[in-house]
Amino acid sequence: MTSKHGYRLRTAAARIGGAVLFLLTVCYIFAALGILSLGLIAFPSVLLGRLGLLTVTSDLAPAALMLISSGILLVGAGMSLCIIPICSALINRLKSISRTVGILRKKASNETTEAS
């Protein structure tokens, strides 16, 4: 009887862990794409402002604004390039969790048939 409860507890923990891992990956993807889009908007506008084609009003110095916007663009590009390895690692981890749950299920069913 206790092995059945242990199996259910481990299965529930694995499912909750998989769901949390999936949600964190989705949040990372949205954050990476949001930072990249902010950089794609800010950097060209500051560059055009430095060239005199666009009026950019800010409390920051133009050089500092240029450095900040280029940094945001680089961070967003780096995070976006890391989306593919992160998604493949997520898929591998979710497969591992499902295999572990399957092994626990077989172990619990074997223990219940031996107890009968």
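Residues numbered from 1 in each chain as written. Predicted model: local features only at pLDDT ≥ 70, side-chain atom pairs only at ≥ 80, totals over all residues. Heavy atoms only, no water.

## Some points on the overall build of the protein chain
Argument step 1. In terms of helices and strands, the protein chain carries three helices and zero strands.
Argument step 2. Beginning at the N terminus, the succession of helices and strands in the protein chain can be written as α-α-α.
Argument step 3. Here the protein chain has a C-alpha radius of gyration of 25 Å; the compact-globule value for 116 residues is 13 Å, and the former is much larger.
Argument step 4. Across its three principal directions, the C-alpha atoms of the protein chain cover 85 × 25 × 15 Å.
Argument step 5. Residue pairs in contact within the protein chain that sit at least 24 positions apart in sequence constitute 73% of those at least 6 positions apart.
Argument step 6. If you sum the accessible surface of the protein chain, you get close to 8300 Å²; carbon and sulfur atoms cover 72% of it. (Helix = DSSP H or I, 4+ residues; strand = E, 2+ residues; numbered from the N terminus. Rg over C-alpha atoms; globule rule 2.2 N^0.38 Å. Contact = heavy atoms within 4.5 Å. Areas by Shrake-Rupley, 256 points an atom, 1.4 Å probe, with all protein chains shown as cover.)

## A short note on the environment of Ile29
Argument step 1. Structurally, Ile29 can be placed in helix α1 (residues 2–51).
Argument step 2. Using a relative accessible area of 22% as the deciding quantity, one classes Ile29 as partly exposed.
Argument step 3. Residues Ile29 and Ser45 lie 16 residues apart in sequence; the distance between their C-alpha atoms is 25 Å.
Argument step 4. Apart from the residues lying within four places of it in its own chain, the contact partners of Ile29 are Ile83 and Cys87. (Buried < 20%, exposed > 50% of the residue type's maximum accessible area, 1.4 Å probe, protein only.)

## A closer look at the environment of Arg15
Argument step 1. When you line up the elements, Arg15 lands in helix α1.
Argument step 2. Each C-alpha atom of the pair Arg15 and Arg99 lies 12 Å from the other, and the pair is 84 residues apart in sequence.

## Points about the confidence of the model for the protein chain
Argument step 1. Confidence along the protein chain averages 88 in pLDDT terms, with 96% of residues attaining 70 or more.
Argument step 2. Confidence, expressed as mean pLDDT per element, reaches its minimum in the protein chain at helix α3 (residues 83–115) with 85 and its maximum at helix α2 (residues 62–81) with 94. (pLDDT = per-residue confidence, 0-100.)

## Section: the environment of Phe43
Argument step 1. When you line up the elements, Phe43 lands in helix α1.
Argument step 2. The class for Phe43 is partly exposed, based on a relative accessible area of 22%.
Argument step 3. Spatially, the C-alpha atoms of Phe43 and Ile68 are 8.5 Å apart, while their sequence positions differ by 25 residues.

## Remarks on α2
Argument step 1. An ideal rise of 1.5 Å per residue puts 28 Å on 20 residues; α2 measures up with 28 Å between its terminal C-alpha atoms.
Argument step 2. Every buried residue of α2 is accounted for by Leu65, Met66, Ser69, Ser70, Gly76, Met79 and Ser80. (Expected span 1.5 Å × (residues − 1).)

## Points about a nonpolar patch on the surface
Argument step 1. A grouping of Leu47, Leu48, Leu51, Leu53, Leu54 and Val56 is seen on the molecular surface, where their side chains present a nonpolar patch of about 530 Å² in accessible area.
Argument step 2. Mapped onto the fold, Leu47 is located in helix α1.
Argument step 3. Given a relative accessible area of 33%, Leu47 falls into the partly exposed group. (Patch = residues over 30% accessible without salt bridge, like charges linked within 9 Å, V, L, I, M, F, W, Y side chains within 5 Å. Salt bridge = Lys/Arg side-chain N within 4 Å of Asp/Glu carboxyl O.)

## Quick notes on the state of the cysteines
Argument step 1. In total, this model carries zero disulfides according to the counting rule given.
Argument step 2. Cysteine Cys27 remains unbridged, with the sulfur of Cys87 as its closest cysteine sulfur at 13 Å.
Argument step 3. In this structure Cys82 is a free cysteine whose sulfur lies 11 Å from that of Cys87, the closest cysteine sulfur available. (Disulfide = S-S within 2.5 Å.)

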